[in-house]
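Close look at the chain arrangement
The chain contents come next:
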Amino acid sequence: MYCIGGEAMNNDTQIVKGILEGCTLKIVENEEIYGYKAVEKLNTLGFEVNEATVYPILTRLQNKEYLKIDKRPSPYGPMRKYYSLTKTGKESLREFKDTWDRIKNIVNKVMEGDKNDKKK
Amino acid sequence: MTKRNKIVLLSSIFLALCVIVTVILNLKYTIHDNNVINIESFILIGIVILLSIISVPIVYFLKVRKSKFERMLSNEYFQKYEIIRDAVMNSQLSSINKKEIKEDMLDILISAQKSGKPAKDTVGNPETFAREILLSYARPGRLPVLSIIDGIMYFIFFILGVSIFIWFEQTDVSFFKTGIDISMITFLFIISFILIPVTKRLTSTHNYWMFILPVAFGIVFVLFAEIIRRFFYSNEIIRQFLDGTVGMVPNIFILILYIILIPTLLFFKYYIRRRLFRIAD
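Residues numbered from 1 in each chain as written. Chains lettered and ligands numbered in written order. Predicted model: local features only at pLDDT ≥ 70, side-chain atom pairs only at ≥ 80, totals over all residues.

Regarding the overall build of chain B
Basically, it comes down to this: Segments assigned H or I by DSSP are reported as helices when at least four residues long, segments assigned E as strands when at least two residues long, and all are numbered from the N terminus. Whether a residue is buried, exposed or partly exposed follows from its count of other C-beta atoms within 10 Å of its own C-beta, namely 20 or more, 12 or fewer, or something in between, respectively; the C-beta atoms are built from the backbone. A residue pair is marked as a contact if its C-beta atoms, positioned from the backbone, fall within 7 Å.
In terms of regular secondary structure, chain B is built from eleven helices and two strands. Along its sequence from the N terminus, chain B presents helices and strands in the succession α-α-α-α-α-α-α-β-α-α-α-β-α. Overall size of chain B, expressed as C-alpha extent along the three principal axes, is 70 × 40 × 35 Å. Put simply, chain B has 281 residues, and 22% of those count as buried. In chain B, once contacts between residues fewer than 6 apart in sequence are set aside, the share between residues at least 24 apart is 78%.

Quick look at the interface of chain A and chain B
Here is the rule we go by: Any residue that is not Ala, Val, Leu, Ile, Met, Phe, Trp, Tyr, Cys, Pro, Asp, Glu, Lys or Arg is counted as polar, Gly included; the first ten are nonpolar and the last four charged.
In this assembly, 17 residues from chain A lie in contact with 23 residues from chain B. Contributing elements (two or more residues each) for the side of chain A that touches chain B: helix H2 (35-44), helix H3 (51-63) and strand E6 (79-85) of chain A. Take the side of chain A that touches chain B: its biggest share by element is seven residues, from H3 of chain A. Its residues assigned to classes, the side of chain A that touches chain B shows seven nonpolar, six polar and four charged.

Observations regarding the nonpolar core
Condition: Any nonpolar core is a set of buried residues, restricted to Ala, Val, Leu, Ile, Met, Phe, Trp, Tyr and Cys, that join up through C-beta atoms within 7 Å.
Ranked by internal contacts, the top residues of the largest apolar core, which has 47 residues, are Val54 and Leu58 of chain A together with Ile84, Leu109 and Ala130 of chain B. With seven residues, the top contributor of residues to this core is helix H4 (residues 95-114) of chain B. Ile180, Phe187, Leu188 and Met248 of chain B belong to the second-largest nonpolar core, a separate cluster that totals seven residues.

Details of the environment of Leu44 of chain B
Residues and elements named next belong to chain B. Relative to the helices and strands, Leu44 is located in helix H2 (residues 39-64). When the C-alpha atoms of Leu44 and Glu132 are compared, they prove to be 47 Å apart, with 88 residues separating the residues in sequence. Not counting residues up to four positions away in its chain, the partners in contact with Leu44 are Phe168 and Glu169.

Quick notes on the sheet that holds strand E3 (residues 33-34) of chain A
All names here are of chain A. Note the following rule: In short, DSSP must find at least two bridges between two strands for them to pair. Where helices are involved, their axes are fitted lines through C-alpha atoms of the stretch in contact, as for all axes, and angles between N-to-C directions lie from 0 to 180°.
Pairing within the open sheet is antiparallel, and its three strands lie in the order E3-E6-E5. In the strand order of this sheet, the two ends are held by E3 and strand E5 (67-73), each with one partner. In this structure, E3 lies alongside E6, joined through two bridges in antiparallel fashion. When the sheet's bridge partners are listed, Tyr34 is paired in E6 with Tyr82. Lying over the sheet, helix H1 (residues 14-30) contacts E3, E5 and E6, oriented at roughly 95° with respect to E6.

Structural notes on the confidence of the model for chain B
All names here are of chain B. What counts here: Looking at any residue, its pLDDT shows the predictor's confidence there, from 0 to 100.
Residues with a pLDDT of 70 or more make up 95% of chain B, whose mean pLDDT is 86. Per-residue pLDDT, averaged within each element of chain B, yields its smallest value for helix H1 (residues 3-34) (83) and its largest for H4 (91). Both scores are given for the predicted complex: the pTM is 0.76, the ipTM 0.78.

Description of the pairing of E5 of chain A
Residues and elements named next belong to chain A. Pairing analysis gives seven bridges linking E5 to E6, with the strands arranged antiparallel. Considered in E6, the bridge of Arg72 is made with Arg80. With antiparallel pairing between neighbouring strands as the criterion, E5 and E6 make up a hairpin whose turn holds five residues, including Gly77 at a positive phi of roughly 125°.

Thoughts on H3 of chain A
Residues and elements named next belong to chain A. Put simply, the rule is: Each helix should span, by expectation, one fewer than its residue count multiplied by 1.5 Å.
In this model, H3 (13 residues) spans 18 Å end to end at C-alpha, consistent with the 18 Å of a helix rising 1.5 Å per residue. Extensive coverage of H3 is indicated by the burial of eleven of its 13 residues. Restricting attention to buried positions, one finds in H3 the residues Glu51, Ala52, Thr53, Val54, Tyr55, Pro56, Ile57, Leu58, Thr59, Arg60 and Leu61. Where H3 terminates, the next one or two residues include Glu65, which has phi positive at roughly 65°.

Right, here's the structure in full:
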């Protein structure tokens, strides 16, 4: 389980999985990142996620070839994977943004309509 | 040493002792019945005892000893890591993927530990975490195909190994005339197709007692065989099951077929794995 905006959501909900994948792609687009750092970034942005949620997402994105990896030893010793976006990853991020904008507009319209109905 | 490691080590010692006691008793009865023992049998028994003794340090080095980076994890973190590692190592992922996930886990968990985060907040339920990792590579419904291929390979290895072992005891008889007891073939079949996959699946949970499942199954099977021998031996089917033999390698062509099957199955497995693992959602 993880939370968005304080509301607990089931982590196998496809929509949440998709949102997290999109946000992870965006984070990686901005800077080369490693697993633990990605968790910290997502939490700073307001998601409440742990490593158990983010690592499988990173692996899935890597397996889909949206992310490429560079391995270097971490300051603590073990090899660390640094993720960056591939060309396919950039395309997928663009598609995610388009879909998200469309859905956001639709949902906003629906919600505003609901408010107007209540005012009447 | 964690509870899991203690159980793994103790079960390997117990299994080695069972094998040693069995071969010594076998030696004793052979000498008692025949008053003589041939040199091949003596060498074979020596090799079996030596392998049993060596198996314990091998288990320690491969399954128990912590690596340099694993030692950096606190007990709380290590217990969670151990469950994830066992689940991944006993999965159908390729050895490259397994190594990669192990490295990733160590990096992530050591980083989280250094930042002062409690293990339960980082990992949550380690079994769920491991399942999510495996799901990110393949849909679980398709993995039994790979387990069946593994089962066939184990079965071939066991059949060839046991045939060679039996032949060593009586090298004056042609290798292709060597027969294996039907009960032994059943035993090897159950080990290959049921016991190994079930043990692999169960050892990736909190229940570490599952590591003694192979030893327990061996004991139960021997007891079962002795009980039916004692009470139902007059039944023809039981008699055939216990003492009937089948030549599993009756000629050179079957032997070649077995040998060719191994690399063929390995290639097939590699091909299926590539296809299956590309399609995870």
